[in-house]
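Here are the chains, one letter per residue:
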Amino acid sequence: MFRPSQRLLTAADYSQVFKDPDHKAGQKELLLLARHNDLAQHRLGLAVAKKHVPTAVKRNIIKRLAREQFRVLAQETPAMDIVVLTRPGARDASSTHIKEALKKQFARLGLSASPS
RNA sequence: GGAGUUGGCCAGACGAUCGCGGUAUUGUGCAUCUUUGAUGCGGGAUACGGAGGAAAGUCCGGGCUCCAUAGGGCAGGGUGCCAGGUAACGCCUGGGGGGCGCGAGCCUACGGAAAGUGCAGCAGAAAGGAAACCGCCUUUCUUGGACCGCUUAAGGCUGUUUGUUCAGCUCGACGUGGUUUAUGAGGAGGGUAAGGGUGAAAAGGUGCGGUAAGAGCGCACCGCGCGGCUGGUAACAGGCGCGGCGAUGGUAAACCCCACCUGGAGCAAGACCAAAUAGGAAUCCGUUGGCUGCGGCCCGCAGUGGAUUCGGGUAGGUCGCUAGAGGCCAGCGGCGACGCUGGUCCCAGAUGAAUGAUCGUUCACGACAGAACCCGGCUUAUCGGCCGACUCCUCUA
RNA sequence: GCGGGUGUAGCUCAGGGGUAGAGCAUCUCGUUGCCAACGAGAAUGUCGACAGUUCAAAUCUGUUCACCCGCU
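Report on the accompanying structure. (Residues numbered from 1 in each chain as written. Chains lettered and ligands numbered in written order. Predicted model: local features only at pLDDT ≥ 70, side-chain atom pairs only at ≥ 80, totals over all residues. Heavy atoms only, no water.)

**Brief notes about the overall build of chain A**
The following threshold applies: Where helices and strands are cited, they refer to DSSP runs of H or I of at least four residues and of E of at least two residues respectively, numbered from the N terminus. Relative accessible area decides the class of each residue, using a 1.4 Å probe on protein chains only: under 20% of the type maximum gives buried, over 50% gives exposed, and in between gives partly exposed. What makes two residues a contact is simply this: any of their non-hydrogen atoms within 4.5 Å. Where accessible areas are quoted, they stem from the Shrake-Rupley method and a 1.4 Å probe; at the residue level, only the protein chains shown are allowed to cover.
Within chain A, the regular secondary structure consists of three helices and four strands. Starting at the N terminus and walking to the C terminus, you meet the elements of chain A as α-β-β-β-α-β-α. By the burial criterion, 41% of the 116 residues in chain A qualify as buried. Here the analysis covers contacts within chain A between residues at least 6 apart in sequence; of these, 79% occur between residues at least 24 apart. By element, 53% of the accessible surface of chain A is carried by carbon and sulfur atoms, the whole surface being about 6800 Å².

Next comes the structure, spelled out in structure tokens:
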């Protein structure tokens, strides 16, 4: 389930994270920005640029994988707003590669997958 | 066994768990109201089904929607061997011509240049009702060479004379006349299109005869044109006769001519519901007309005052949206594309836009790639695999 | 998704069948003590790619690739 309350909805939400991120984690394909919020849960924002990933199918897969990874996060850690950005290297990366990259970068933010 | 041609099919498979979007059924929460029921939204359970052969490029054709029911003329655009198929096509099938290949087979924008206009740089003599540069032939003139005749200075020989001399013969510069038959150079006139050279292209080709040299000048074959005939629906093919071919070169993906086709825009079309502006100001034009629909023009039809500037404002939802020139099977007609008849099936419909992740088994380890109104084609991308038909070569019997 | 447009020198653009140009930039020389400006000269293109038509293609035709613009 991916409810509206778990998403970054407005431009203001996004710009807050862009402007003043508490944590950054990235590699050739991806960049994650995170900022602590006052809410009870994490929120996710996606920015998958057409410039970086030209085909719609590939963009959808990346977004889906990011949501999947977000979904299995442990909820114990302090709640954060997280934005997933693509970088030019994402164009030629395979879906398994993207998945590994997401897992790794989420871990660097101190957010590991819940054991359940 | 090897090499090759061609038609069609498949697009990893199976299972489990989680997740994504749709439809149906069924609970549920919230909101509204015509308040014990409806409608809408959110989320849940169950069941069913969920990308392609190219979904791509947008190169053609059609359906559908609106503009007039899609109308008339001109312009513009497209197609271009013939016949058929089709809703239609620039597509497909069959046939013809041409080209390539030993062959199966493949390729082919393939109407008209004797209706007209244009174009062809450079080179070349000449580039389109052509001309004669070199060359070849011929007539004539001039001038050489060679030969012959005549004449003659000098010379030679013989005779004569003491000698000068004289006579005869011979040779013969120069001059002059003629010939030139395997003759040089030049001028003028004529013939010629064989040959040379230039060019992408030089006005039928090859051979024999013929001629002063040559030439369709004549003949044979091929090519071309015209007219019958035969076969074929036709394109066209075959054969006969005629024309000697200075006529009719090339280019029409140059203008053009001929035949046929062609109105415009596109689902962001368009329809409906709700909200908002609901026409506020200024200037100009006009009411036999103008403007808009309408895409170049005119006619016609319909609607209506119009244009510009300033100021203000809206863009949320539903339908269109998938049952269709549909798929599969069988029979019949047709060489075939395809058509007809019967049976059977329902097979994605999203709107930030759905197919993935994990695990297991297995194989030949998986390419190009993702629907957005729908369909028929073409083109382009593509790992491989399967089936059928055929050709050539080699070997064995 | 639908519609339209553009690819020519390092950059901005002409050229629309006869063998490719302009401006700026670059290089050389002159001028100057040096630089700029100025003057003189030079170099530079598979005309986005592949086929076709033509004697000949940047130009005409088809296919293809890349980029840009408009419509919610």
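**What to know about helix α2 (residues 56-71)**
For clarity, the threshold we go by: To estimate the expected span of a helix, subtract one from its residue number and multiply by 1.5 Å. The arc in question is traced by the directions running from the helix axis to the C-beta atoms.
Between its first and last C-alpha, α2 extends 22 Å over 16 residues, near the 22 Å set by a 1.5 Å rise per residue. Among all positions in α2, only Lys58, Arg59, Ile62, Leu65, Ala66, Gln69 and Phe70 are buried. Down the axis of α2, the sector holding all buried residues measures 135 degrees, keeping them to one side. Structurally, α2 contributes buried residues whose contacts are with β3 (43-47), β4 (80-86) and α3 (95-108).

**Examining the protein's contact with RNA strand B**
Put simply, the rule is: In this text, near means that some heavy atom of the residue lies within 4 Å of the molecule or strand in question. Polar contacts here mean pairs of N or O atoms no more than 3.5 Å apart (in protein, one a potential hydrogen donor and the other a potential acceptor; neighbouring residues in sequence count only if both atoms are side-chain atoms). Side-chain classes follow a simple rule in which Ala, Val, Leu, Ile, Met, Phe, Trp, Tyr, Cys and Pro form the nonpolar group, Asp, Glu, Lys and Arg form the charged group, and the remainder, Gly included, forms the polar group.
Contacts to RNA strand B come from eight residues, most closely from Val57, Asn60, Arg64, Ser95 and Lys99. At the protein interface, 88% of the atoms of RNA strand B within 4 Å belong to sugar or phosphate. Measuring from a phosphate oxygen of RNA strand B, one finds a side-chain N or O atom of Asn60 at 2.4 Å. In terms of residue class, the surface near RNA strand B is built from two nonpolar, two polar and four charged.

**A short note on the pairing of strand β2 (residues 30-36)**
Test applied: Whether two strands pair depends on DSSP finding at least two bridges between them.
The element β2 is largely enclosed, with a buried count of five among its seven residues. When strand β1 (residues 23-26) meets β2, the two strands line up antiparallel, connected through four bridges. When the bridges of β2 are listed, Ala25 appears paired with Leu32. Counted along the chain from β1 to the antiparallel partner β2, the turn is three residues long. Inspection of the sheet shows β2 paired to β4 by seven bridges, in the antiparallel sense. Within β4, the residue paired with Leu31 across the bridge is Leu85.

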